[in-house]
Amino acid sequence: MTHEIVISGFGGQGVMAMGKTLAEAGMKEGLCVSWLPSYGPEMRGGTANCSVVLSGEEIISPMVQSPTELIAMNKPSLVKFEPQMVPGGKLFVNSSIIELKASRADISAYYIPCLSIAEELGNIKVANMVMLGAYIGATGLLQTETIRGMLAHMFTGPKAALVELNIEALRRGAACVREA
Amino acid sequence: MAKELWKGNEAVAEAAIRAGCRYFFGYPITPQNEIPEYLSRHLPEHGGCFVQAESEIAAINMVYGAAGSGARVMTSSSSPGISLKQEGVTYIACAELPAVIVNMMRGGPGLGNIAPSQADYYQATRGGGNGDYRTVVLAPATIQEAADFTQEAFDIADYYRTPVVVLADGMIGQMMEAIEWRKPKERALPPKDWATDGTRGKRPHNIINSLYIDAKDCAVQNRKLQEKYDRITETEVRYEEFMAQDAEILFVAYGTTARIARAAVLKLRKDGVKAGLFRPVTLWPFPEKALRECAAHENVAAVIDVELSMGQMIDDVKIALAGAKPVRFVGMGGGAIPAPQELVDEAYKALGRCGK
């Protein structure tokens, strides 16, 4: 089992953080992991993407040429990476801002209004966690508890309330997939 | 020990601190900026000193000074910045001082770009500065190795009193992998009784210099350096073989490219082609004898050198093989990266067969 994931969007949407969270959670669950950012002259509002590999075996190349899963947080990302996906791959579309549908019939597409859900939760910054929840829900790959542990380590003191907010974001994302 | 997720550049910086490096002098350049960023925050916590110099030339001369005083010291940069540092490196090599120099290579020549590259092989292994000198060059292919080799680089530098280069690329610098922190095998390091760290009125002055104005004296120093380089060549060569024992196609690649070559080897094996990989870990000293022996097996039909350059290490491969086997090349300059399939295609060409 090897998951080769591309996460792509505007700088500031939390695509790098999403990738790091996936990689770290995968590592904590005993998988081999790699995280590789695109690192052109990116800036806030520009495009950014990262490749994450999660595997039961040693990872040879961290570069993802044919993603098994694509998380597209903006339209250019969907247009650019959808054609590269493997048949049978899973596509996650940020349907809050992308009006396009998947153009391929040989992949499963999940439309997640992650930004609208984050707004409902009162913090648009958790849109990426909603998306991550959808990813976990659809792939069954990682345990929410693993991520809760990481969040509890990250957010302490006055920020401790963010743990439950993020967990709720994950839960709402996963719920979208179940409804789909 | 538990695995931790580390970015290459930050792992290199943390490894330096763990190895006892307390001085860092550098000047920013992508794709290695996380090294100075990390050290600027964390070196002071360990009683160390971080200086962002006014230029690369200033930075390497600060390294020269700190190394002369016996401190563990490091600088890091990427290709064009490393070019600027070459004068200092040859001074440090001639003055026989230990220092660690990290080069996260990027596309060149000139200012080039910030994509991963391996086009500084000549510069690192031949010496980009003047005179007859060498630097030990360690080439990590994983973040684990980046952490391990950076720690060990300080020991090698102290043991031989010579600058050691950790040569990786933007991909290794930027990517994250799980690593375990571990200590390098222990070496009995000689006392730094040559350091200019103050006589306290109890011993004669130590003098650190790279000027030997009398040709006879300079010849003696050259002989001394050469004897040291011979010792390093005898004892420090490192390499790794992957499925090379029965290989009919032998790839030779280091660092990031070795990972791509590994993918190609597995792909070819799946198709029934016996492919293998020889990975130099030390680029200088180059594992010449080991490669010659590995490629000498009757079953090896061709050797394919793979680099993120227009072909630099291929010279060392050809020297090692001395014409015994045909040597082919796959590589790209300027920061482009070949896909495993291109290596697979080249293997079929070498065997005169059609691929699947």
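Nothing here was measured: the structure is a model prediction, and the numbers come from that model. (Residues numbered from 1 in each chain as written. Chains lettered and ligands numbered in written order. Predicted model: local features only at pLDDT ≥ 70, side-chain atom pairs only at ≥ 80, totals over all residues. Heavy atoms only, no water.)

Caption draft 1: Up close: the overall build of chain B. Each helix and strand in chain B was counted, giving 13 helices and 14 strands. The C-alpha atoms of chain B give a radius of gyration of 21 Å, which matches the 21 Å a tight globule of 356 residues would have. For chain B, the spread of C-alpha atoms along the three principal axes comes to 75 × 45 × 40 Å. Taking contacts inside chain B between residues at least 6 apart in sequence as the whole, the part at least 24 apart equals 79%. When the accessible surface of chain B is summed, it comes to about 14400 Å², and 52% of that surface belongs to carbon and sulfur atoms. Across chain B, the 40 positively charged side chains and the 44 negatively charged ones have centroids separated by 2 Å. (Helix = DSSP H or I, 4+ residues; strand = E, 2+ residues; numbered from the N terminus. Rg over C-alpha atoms; globule rule 2.2 N^0.38 Å. Contact = heavy atoms within 4.5 Å. Areas by Shrake-Rupley, 256 points an atom, 1.4 Å probe, with all protein chains shown as cover. Lys, Arg positive; Asp, Glu negative; His and termini not counted. Charge placed at Lys NZ, Arg CZ, Asp CG, Glu CD.)

Caption draft 2: Summary view of the packing of helix 3 (residues 56-68) of chain B against helix 5 (residues 86-94) of chain B. Residue and element names in this part refer to chain B. The geometry of helix 3 relative to helix 5 is characterised by a closest axis approach of 8 Å and an angle of 15° between their N-to-C directions. Here helix 5 runs roughly parallel to helix 3, going by the angle between their axes. Regarding helix 3 and helix 5, the two cross each other, and that crossing is right-handed. Listed contacts from helix 5 to Ile57, Ile60, Asn61, Val63 and Tyr64 of helix 3 are Glu87, Gly88, Val89, Tyr91 and Ile92. (Axes fitted to C-alpha atoms, helices over the stretch in contact; angles between N-to-C directions. Parallel < 35°, antiparallel > 145°, perpendicular 65-115°, else oblique. Left-handed = near helix turned anticlockwise from the far one by under 90°.)

Caption draft 3: Up close: the pairing of strand 1 (residues 2-10) of chain A. Residue and element names in this part refer to chain A. Sheet topology places strand 1 next to strand 3 (residues 47-55); nine bridges connect them, and they run antiparallel. Its bridge partner lying in strand 3, histidine 3 is registered against leucine 54. Bridge count for strand 1 against strand 4 (residues 69-72) is four bridges, and the pairing is parallel. The residue bridging serine 8 from the neighbouring strand is alanine 72, located in strand 4. (Pairing = 2+ DSSP bridges.)

Caption draft 4: How the structure looks around the confidence of the model for chain B. When the pLDDT values of chain B are averaged, the result is 96; 99% of them are 70 or greater. Across the predicted assembly, pTM comes out at 0.95 and ipTM at 0.92. (pLDDT = per-residue confidence, 0-100.)

Caption draft 5: Geometry of unusual backbone geometry. All names here are of chain B. The omega torsion of the bond from threonine 30 to proline 31 falls at 10°, within 30 degrees of zero and hence cis. Positionally, proline 31 belongs in the loop between strand 2 (23-26) and helix 2 (34-42). Glycine 108 connects to proline 109 through a cis peptide bond whose omega is 0°. Here proline 109 is to be found in the loop between strand 5 (99-105) and helix 6 (121-127). Positive phi, normally seen in glycine, also occurs at glutamate 96, with a value near 55°.

Caption draft 6: View of the sheet that holds strand 5 of chain B. Residue and element names in this part refer to chain B. A sheet is described by the order of its strands in space; here seven strands give the open sequence 3-2-4-5-7-6-12, paired in mixed fashion. Edge positions in the sheet fall to strand 3 (49-52) and strand 12 (282-284), since each of these pairs with one other strand and no more. Strand-to-strand, the axes of this sheet are offset by a mean angle of 20°, without reference to chain direction. Inspection of the sheet shows strand 2 paired to strand 4 (residues 73-77) by two bridges, in the parallel sense. Opposite tyrosine 23, over in strand 4, you have valine 73 as the bridge partner. Across the sheet, helix 7 (residues 143-160) lies against strand 4, strand 5, strand 6 (136-138) and strand 7 (163-169), angled at about 160° from strand 7, the strand it touches most.

Caption draft 7: Structural context of helix 3 of chain B. Residue and element names in this part refer to chain B. Between its first and last C-alpha atoms helix 3 spans 18 Å; for 13 residues at 1.5 Å apiece the expected length is 18 Å, and the two agree. Those residues of helix 3 that sit buried are Glu56, Ala58, Ala59, Ile60, Val63, Tyr64, Ala66, Ala67 and Gly68. The inward-facing, buried residues of helix 3 abut strand 2, strand 4, helix 4 (79-84), helix 5 and strand 5. In this structure serine 55 caps helix 3, since a side-chain oxygen of it lies 3.3 Å from the backbone nitrogen of isoleucine 57. Glycine 70 occupies a position one or two residues after helix 3 and carries a positive phi of about 95°. (Expected span 1.5 Å × (residues − 1). Buried < 20%, exposed > 50% of the residue type's maximum accessible area, 1.4 Å probe, protein only. Polar contact = N/O pair within 3.5 Å; in protein donor to acceptor, adjacent residues only side chain to side chain.)

Caption draft 8: A look at the packing of aromatic side chains. Residue and element names in this part refer to chain B. Under the criterion given, the structure shown has 10 aromatic pairs over all chains. Relative to tyrosine 160, the ring of tyrosine 159 has its centre 4.8 Å away and its plane inclined at 75°; by these criteria the two rings are edge-to-face. A relative accessible area of 5% means that tyrosine 160 is categorised as buried. Here tyrosine 239 and phenylalanine 278 contribute two aromatic rings whose centre-to-centre distance is 5.2 Å and whose plane-to-plane angle is 15°, an arrangement assigned as stacked. A residue pair is termed long-range when its members are at least 10 positions apart, and tyrosine 239 in strand 9 (residues 239-242) and phenylalanine 278 in strand 11 (residues 275-280) qualify at 39 residues. Overall, phenylalanine 278 belongs to the buried group, its relative accessible area being 0%. The ring of tyrosine 159 has arginine 187 lying over it, and the distance from NZ or CZ to the ring centre is 5.7 Å. (Phe/Tyr/Trp six-rings, centres within 6.5 Å; stacked < 30°, edge-to-face > 60°. Lys NZ or Arg CZ within 6 Å of the ring centre and 35° of its normal.)

Caption draft 9: Summary view of the state of the cysteines. Residue and element names in this part refer to chain B. Tallied over the full model, the rule gives zero disulfides over all chains. No disulfide involves cysteine 21; its sulfur sits 10 Å from that of cysteine 49, the nearest cysteine. On the basis of relative accessible area, cysteine 21 is assigned to the buried category, the value being 1%. Cysteine 218 supplies the cysteine sulfur nearest to cysteine 94, a cysteine that is in no disulfide, at a spacing of 6.3 Å. (Disulfide = S-S within 2.5 Å.)

Caption draft 10: Quick look at the side chain of B:Asp169. Looking at the secondary structure, you find B:Asp169 in strand 7. For B:Asp169, the side chain forms a polar contact with the main-chain nitrogen of B:Met171, separated by 2.7 Å.

Caption draft 11: Summary view of the domain arrangement of chain B. All names here are of chain B. What the domain assignment reports for chain B is domain 1 (4-235) and domain 2 (240-351). Each of domain 1 and domain 2 has a C-alpha centre, and the two are 28 Å apart. Taken residue by residue, the interface counts 34 residues in domain 1 and 24 residues in domain 2. Considering only the side of domain 1, the residues that lose the most area to domain 2 are Gln118, Tyr121 and Tyr122, jointly responsible for 30% of the buried surface there. Here aspartate 316 and arginine 126 are joined by a salt bridge, their closest N and O atoms 2.8 Å apart. Linking domain 1 to domain 2 there are 17 residue pairs in polar contact (both at pLDDT 80 or more). Contributing elements (two or more residues each) for the side of domain 1 that touches domain 2: helix 6, strand 6, helix 7, strand 7, helix 8 (170-174) and helix 9 (215-235). The leading source of residues in the side of domain 1 that touches domain 2 is helix 6, at four residues. (Domains from an automatic or database assignment. Buried area = accessible area lost by both parts, 1.4 Å probe. Salt bridge = Lys/Arg side-chain N within 4 Å of Asp/Glu carboxyl O.)

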